[in-house]
Amino acid sequence: MQLWDVTVAAVFWWGVVESRKLRGISSSYKRFYKERKSFMCIDGSKIIPFEYVNDDYCDCEDGSDEPGTSACPRGRFYCTNLGFRPHYIPSSRVNDGICDCCDASDEYNSHARCKNSCWSLGQRERAHVEGQMRTLDEGLRLKQQLIEEGVLLWREKQAQLRELQQVAEDLQIKLEDHRRRKHEADRLKDQTLKALEGRDSDPQHHGSAPTSTFQLLDSNKDGSITVEEVREKVALVKDEERVLSAAEAQALLGGERQMDFAKFQHTLWDSLRSGDNVKIKDAAGGLVGEDPHLKAADRAVEWEATNLKKVEEDYESVNTEMRYTYSLCPFNQVTQQNTAGTEVSLGKWGMWAGTKNLYSHMVYENGEPCWQGGSRSTTVTLTCGTETGLRSVKEPSKCQYIMDFQTPVACQPALKQWGIHSEL
């Protein structure tokens, strides 16, 4: 009989000890539970005998006297989960027959048959972390590669930009020169036309008309008129379409191959002024179109203007290429294009808006107006990855967009130091 009493007493004592064992306490809180005569509630509200701790009766308002039981409604039970991530659960879940801690420490006095799965969970977690670290390493490598390539590209574009700027300046000078030459030629044409048209009615123009006409005939501006120049500019009144023969042109020059201005005033000029036999080709309708130098000037101006326009386009193209790198058009705008080709602005670059990391979120605002009022805006989250591109686009609320943009640029060396917090 005495042996049976001793056995029952021993089992009862073991149950009491097992229930009174300090469970559900993290290592950082163990200093509050050093066994002594009294225990102070962690919130400082009450002092109770130490044997009241984990006696399945809630004495402290903050529940700190019952870390290992479900007695306190505000209590928390700490799952140590050796080999995996530790965490807290509400104390109401202790010994409720459901395994909440992977180490089964929350069901120490229930009928539940829990297995310790922390090691297998930890293995999967470590494999996941190792995969993330490999992705981070590769992302950092690609980021460095992009930086180096970007520096080289920037230098190349800067050189191209300087070259194009110089070409544009040179072409601008040439264009102004051609405009000046064309203006001078037009002035001489107008002067000659007025002189020819007024040769009979206004004698006071006769003194300047020979000079203008001579300059018009002197195509190469060498101070003399040649047989070839006469054939090019002078025609018979009765047969304007026919080109003068060399002999006819030479006869107009007094039998010489060329003539200076002094002789011109007393020979060919008199014939041209009378207008009986010879005339300046198309004198009434457009000497401008007949002068080869003026035509050449027009063509040169047009050619220079075309080249200048091309350089300006190339210049703008280089500037555009310098500003934009990614398809998202960072620091510029976010757009949405439908199948018909209509483009809608979802916001223009606004600011960086990350919390822990300022440069982890980009805000694009003041996009096109939304039909319900307000304007469209987009928040772009930058995540570390080995490739550059948009991973997802969502519209959680009307005209408010969220984008996930993956890029090696978002990879930070500090991530390797942070890792994922766990007590493995």
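Rules and cut-offs
Residues numbered from 1 in each chain as written. Predicted model: local features only at pLDDT ≥ 70, side-chain atom pairs only at ≥ 80, totals over all residues. Heavy atoms only, no water. Disulfide = S-S within 2.5 Å. Helix = DSSP H or I, 4+ residues; strand = E, 2+ residues; numbered from the N terminus. Buried < 20%, exposed > 50% of the residue type's maximum accessible area, 1.4 Å probe, protein only. Patch = residues over 30% accessible without salt bridge, like charges linked within 9 Å, V, L, I, M, F, W, Y side chains within 5 Å. Areas by Shrake-Rupley, 256 points an atom, 1.4 Å probe, with all protein chains shown as cover. Salt bridge = Lys/Arg side-chain N within 4 Å of Asp/Glu carboxyl O. Pairing = 2+ DSSP bridges. Axes fitted to C-alpha atoms, helices over the stretch in contact; angles between N-to-C directions. pLDDT = per-residue confidence, 0-100. Contact = heavy atoms within 4.5 Å.

(A) Region of interest: the state of the cysteines. Going through the model one piece at a time under the given rule, you end up with 7 disulfides. Put simply, cysteine 79 and cysteine 101 are joined by a disulfide, and their sulfur atoms are 1.7 Å apart. An S-S torsion of about -45° defines the bridge between cysteine 79 and cysteine 101 as left-handed. In this pair, cysteine 79 is assigned in strand S3 (residues 76–79) and cysteine 101 in the loop between strand S4 (87–90) and helix H2 (118–197), connecting sequence segments 22 residues apart. Neither cysteine 79 nor cysteine 101 differs from the other in exposure class; each is buried. Paired by a disulfide, cysteine 384 and cysteine 411 hold their sulfur atoms 2.0 Å apart. For the disulfide bridge between cysteine 384 and cysteine 411, the dihedral angle about the S-S bond is near 85°, and by the sign convention the bridge is right-handed. With a gap of 27 residues between them, cysteine 384 in strand S12 (residues 377–384) and cysteine 411 in the loop between strand S14 (400–407) and helix H10 (414–418) connect regions that are remote in the sequence. Cysteine 384 sits in the partly exposed class, given a relative accessible area of 23%.

(B) Molecular detail of the environment of serine 27. Here serine 27 is to be found in the loop between helix H1 (2–20) and strand S1 (38–40). What makes serine 27 exposed here is its relative accessible area of 57%.

(C) Focus on a nonpolar patch on the surface. On the surface, Tyr29, Ile42 and Tyr88 cluster together into a nonpolar patch covering about 230 Å² of accessible area. If you trace the backbone, tyrosine 29 turns up in the loop between H1 and S1. What makes tyrosine 29 partly exposed here is its relative accessible area of 32%.

(D) A look at the sheet that holds strand S13 (residues 389–397). Overall, mixed pairing links the 6 strands, which are arranged S9-S10-S11-S12-S14-S13 in an open sheet. If you trace the sheet from one side to the other, it starts and ends with strand S9 (333–337) and S13, each paired once. Averaged over all neighbouring strand pairs, the angle between strand axes comes to 25°, with direction disregarded. In terms of strand pairing, S9 meets strand S10 (residues 343–352) through 5 bridges, oriented antiparallel. Looking across to S10, one finds that glutamine 336 is bridged to valine 344.

(E) Looking closely at the confidence of the model for the chain. Per-residue pLDDT for the chain averages 77, and the proportion of residues at 70 or more is 73%. Model confidence for the chain, summarised as mean pLDDT per element, is weakest for helix H8 (residues 287–290) at 38 and strongest for strand S11 (residues 361–365) at 94. Throughout residues 199–207 the model reports pLDDT below 50, and contacts reaching past four residues in sequence, or to other chains, amount to 6 contacts. Low pLDDT (under 50) marks residues 317–326, which in the prediction has 15 contacts with non-local residues, meaning those over four places away or in another chain.

(F) The arrangement of the pattern of salt bridges in detail. For the structure on display, the rule yields 5 salt bridges. Glutamate 228 serves as the salt-bridge partner of arginine 257, at 3.3 Å between the closest nitrogen and oxygen. In this pair, arginine 257 sits in the loop between helix H5 (246–252) and strand S7 (258–260) while glutamate 228 sits in helix H4 (residues 227–233), placing the two residues 29 residues apart along the sequence. On the basis of relative accessible area, arginine 257 is assigned to the partly exposed category, the value being 45%. By relative accessible area, which is 48% here, glutamate 228 ends up partly exposed. A cluster of three or more residues bridged by salt bridges with shared partners is formed by Asp239, Arg242 and Glu248.

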